[in-house]
Amino acid sequence: MQIPFFSHTREFEAHREEFLTAIEECLRSPTLVLGEHVRRFEEQFAASCGCRYGVGVASGTDALALALRALGISAGDEVVTVANTAVPTVAAIRMAGALPRLVDIDPVTFLMDLATIEGALTRQTKALLPVHLFGNPVPMTELMELAEKHHLAVVEDCAQAYGTLYEGKPVGGFGDIGCFSFYPTKNLGAWGDGGICVTNDKELAEKLHRLRSYGYREPHIAEEEGVNSRLDELQAAILLVKMRFSASDVQRRQEIAKIYDQALQGTSLLPQKVTVGGKSSYHLYVVQAPDREHAGKLLEQQGITTLVHYPLPIHLMKAYEFLGYKTGSLPVTEEVMRHILSIPLFPTLTDEEVEYVTSALQNIS
Ligand SMILES: *Cc1c(COP(=O)(O)O)cnc(C)c1O
């Protein structure tokens, strides 16, 4: 049996008529940019996160960069985040002109170690940027207390965490702004790029509206320097269809994760631990293996695609050498990176495929 890591075509086949109808309707609508579909999607999406406002943008990276800019973060400011994330988290901080301060992670949840934050604060620190990695939530109550104590803004990187709960509440609504990506493989994926900022603050929402569209206060009149970063109308139409089954998709992810968790008991593979008080949406199912190469090879031999998220922590990448970190700067991050392996988990995996992966996992001693 061949198990892919992800498939968007299965989803298309399963909902073909709904998608094609939505696309046709979109192409017949009067406005092709920032029209009715984007507006409706923003409203539905924000409500699903328990937030009042949603501002659709061109990507998750842009969502983060514009969120930081909306909060007034610019050159000379510092933003605290982790090196154990996708590059765009850090790229977005740079796009806003700020400097990332990278802190270490917890060895079992793989998330920002909150105990290291205070040591990373300087007079320039303006914001915390927690990443809900692989769908596992950062303990937001504690993080918000730290932010309040030190008067810091909070931007949540929820790119991998649509459907994630912390203390019963969806992530994205804890901080000032929550940022999501609709990259095709994400929990709610478009058929191309897209992203959104959610917030409960009307002024921030208005500022984000201006920033994503040339800084326009009204047509053709810029109030401030903006960019062109809009959620595409066609992608919004597709996302509106996907919203109908996004909750059951997350449930299916959680169901498969539970089966994998049980299968791993008694093996040498250790799954990412879900944060106490949290409910993961399992964007990725990541395990730690004592011998990652060996485990990966065994699974590959049985036709199971595995990946590593991520092979190199950001502070050790050439592009970010200038930040001045070295091997040993973030010891937990570096240790975890040597052992992590991502196992296929997506909602359209069949029961037979899940069982096949399960028995392959159990044979890894
Ligand atoms: C995907 C991702 C992003 C960026 O999203 P894009 O839509 O690809 O720009 C940011 N942060 C994390 C953690 C991601 O996984």
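Calculation rules
Every residue gets a number counted from 1 within its own chain, in the order that chain's sequence is written. Confidence filtering applies because this is a predicted model: local features only for residues at pLDDT of at least 70, side-chain atom pairs given and counted only at 80 or more, and all residues used for totals across whole chains, interfaces and linings. The side-chain quantities take in all heavy atoms of the structure and omit both hydrogens and water. Strands here are runs of E lasting at least two residues and helices are runs of H or I lasting at least four, both read from the DSSP assignment and numbered beginning at the N terminus. In this scheme, a residue with accessible area under 20% of its type's maximum is buried, one over 50% is exposed, and one in between is partly exposed, where area comes from a 1.4 Å probe on protein chains only. Cavity: a set of points on a 1 Å grid over the protein atoms alone where a 1.4 Å probe fits but cannot get out. Pocket: an open set with protein on both sides within 12 Å along at least five of seven lines, its lining residues, like those of a cavity, having an atom within 4 Å of a point. Grid points are joined across faces, edges and corners, and a volume is the space filled by probe spheres set on the points. Three classes are used: nonpolar for Ala, Val, Leu, Ile, Met, Phe, Trp, Tyr, Cys and Pro, charged for Asp, Glu, Lys and Arg, and polar for all others, with Gly counted as polar. Note on aromatic pairs: the rings of Phe, Tyr and Trp (six-membered ring only in Trp) are paired at centre separations within 6.5 Å, and the planes decide the class, stacked below 30 degrees, edge-to-face beyond 60, tilted for the rest. For two strands to be treated as a pair, DSSP must find no fewer than two bridges joining them. By definition, residues are in contact when any of their heavy atoms lie within 4.5 Å. In this analysis, axes come from line fits to C-alpha atoms, helices being fitted only over the stretch in contact, and the angle between any two N-to-C directions falls in the range 0 to 180 degrees. The criterion for a residue being near a molecule or strand is simple. One of its heavy atoms has to lie within 4 Å of it. As used in this structure description, the phrase polar contact means that two N or O atoms lie within 3.5 Å; if the pair is within protein, one of them must be able to donate a hydrogen and the other to accept it, and residues adjacent in sequence are counted only when both atoms belong to side chains. The Shrake-Rupley method, run with a 1.4 Å probe sphere, supplies the accessible areas, and residue values consider only the shown protein chains as cover. The rule for placing a molecule in a cavity or pocket is simple: more than half of its atoms must lie within 2 Å of the grid points.

**Student:** Just checking my understanding: could you explain unusual backbone geometry for this structure?
**Tutor:** Note: most peptide bonds trans; most residues except glycine with negative phi. A cis amide bond links His309 to the next residue, Tyr310, at an omega of 10 degrees. Mapping Tyr310 onto the fold places it in the loop between helix 11 (292-301) and helix 12 (331-337). Even without being glycine, Leu34 reaches a positive phi, approximately 50 degrees. Its place among the elements puts Leu34 in the loop between helix 2 (16-28) and helix 3 (36-48). The exposure class of Leu34 is partly exposed, given its relative accessible area of 31%. Phi is positive for Glu167, which is not a glycine, with a value near 50 degrees. Position of Glu167 relative to the elements: it lies in the loop between strand 6 (165-166) and strand 7 (169-170). Exposure remark for Glu167: the relative accessible area of 52% places this residue in the exposed category.

**Student:** What's the story with empty space enclosed by the protein in this structure? I'm lost.
**Tutor:** To find the voids left in a structure, one rolls a probe of water-molecule size over its atoms. Tallied over the full model, the rule gives two cavities of 30 Å³ or more. Lining the largest cavity are 16 residues; nearest its centre among them are Glu11, Asn187, Lys242, Asp249 and Pro347. Top contributing element to the lining of the largest cavity by residue count: helix 10 (residues 246-264), with three residues. For the lining of the largest cavity, the per-class residue count stands at six nonpolar, five polar and five charged. Considering only enclosed or pocket space, the second largest cavity measures out at about 40 Å³ in volume. Within the lining of the second largest cavity, the residues separate by chemical class into eight nonpolar, two polar and one charged.

**Student:** Whenever I open this one, the packing of aromatic side chains confuses me. Can you help?
**Tutor:** Each aromatic ring pair is summarised here by two numbers: the centre-to-centre distance and the angle between the ring planes. In total, this model carries 17 aromatic pairs according to the counting rule given. An angle of 25 degrees between the planes, with centres 6.3 Å apart, marks the rings of Phe12 and Phe19 as stacked. Exposure remark for Phe12: the relative accessible area of 22% places this residue in the partly exposed category. Taking relative accessible area as the criterion, Phe19 reaches 0% and is therefore assigned buried. With 6.4 Å between their ring centres and 85 degrees between their planes, Phe19 and Phe245 make a pair best called edge-to-face.

**Student:** How do you make sense of the sheet that holds strand 14 (residues 285-288) when you look at a structure like this?
**Tutor:** Two pairing modes exist for strands in a sheet, parallel and antiparallel, and in both the strands are linked by backbone hydrogen bonds. Taken together, the three strands give an open sheet; going across it, the order is 12-14-15, and neighbouring strands pair in antiparallel fashion. Edge positions in the sheet fall to strand 12 (270-271) and strand 15 (340-343), since each of these pairs with one other strand and no more. Here two bridges tie strand 12 to strand 14, and the two strands are oriented antiparallel to one another. Note that in strand 14 the partner of Pro271 across the bridge is Val287. Where helix 10 meets the sheet, its contacts fall on strand 12, strand 14 and strand 15, and the angle it forms with strand 14 comes to roughly 15 degrees.

**Student:** Explain the site of the ligand here, please?
**Tutor:** The environment of the ligand is formed by 16 residues, the closest being Gly60, Thr61, Gln160, Ser181 and Lys186. With respect to the ligand, the side chain of Gln160 contributes an N or O atom lying 2.7 Å from an oxygen atom. Contact between the ligand and Lys186: an oxygen atom at 3.0 Å from a side-chain N or O atom of the residue. If the ligand stood free it would expose 380 Å²; the protein chains cover 91% of that surface. Among the cavities detected, the one that contains the ligand is the largest pocket. Going through the elements one at a time, helix 4 (60-70) and helix 5 (87-95) are the ones with two or more residues in the shell around the ligand. In terms of residue count, the dominant contributor to the shell around the ligand is helix 4 (three residues). Here the residues of the shell around the ligand sort into six nonpolar, eight polar and two charged.

From the geometry alone we can't say anything about function, so treat these as descriptive.
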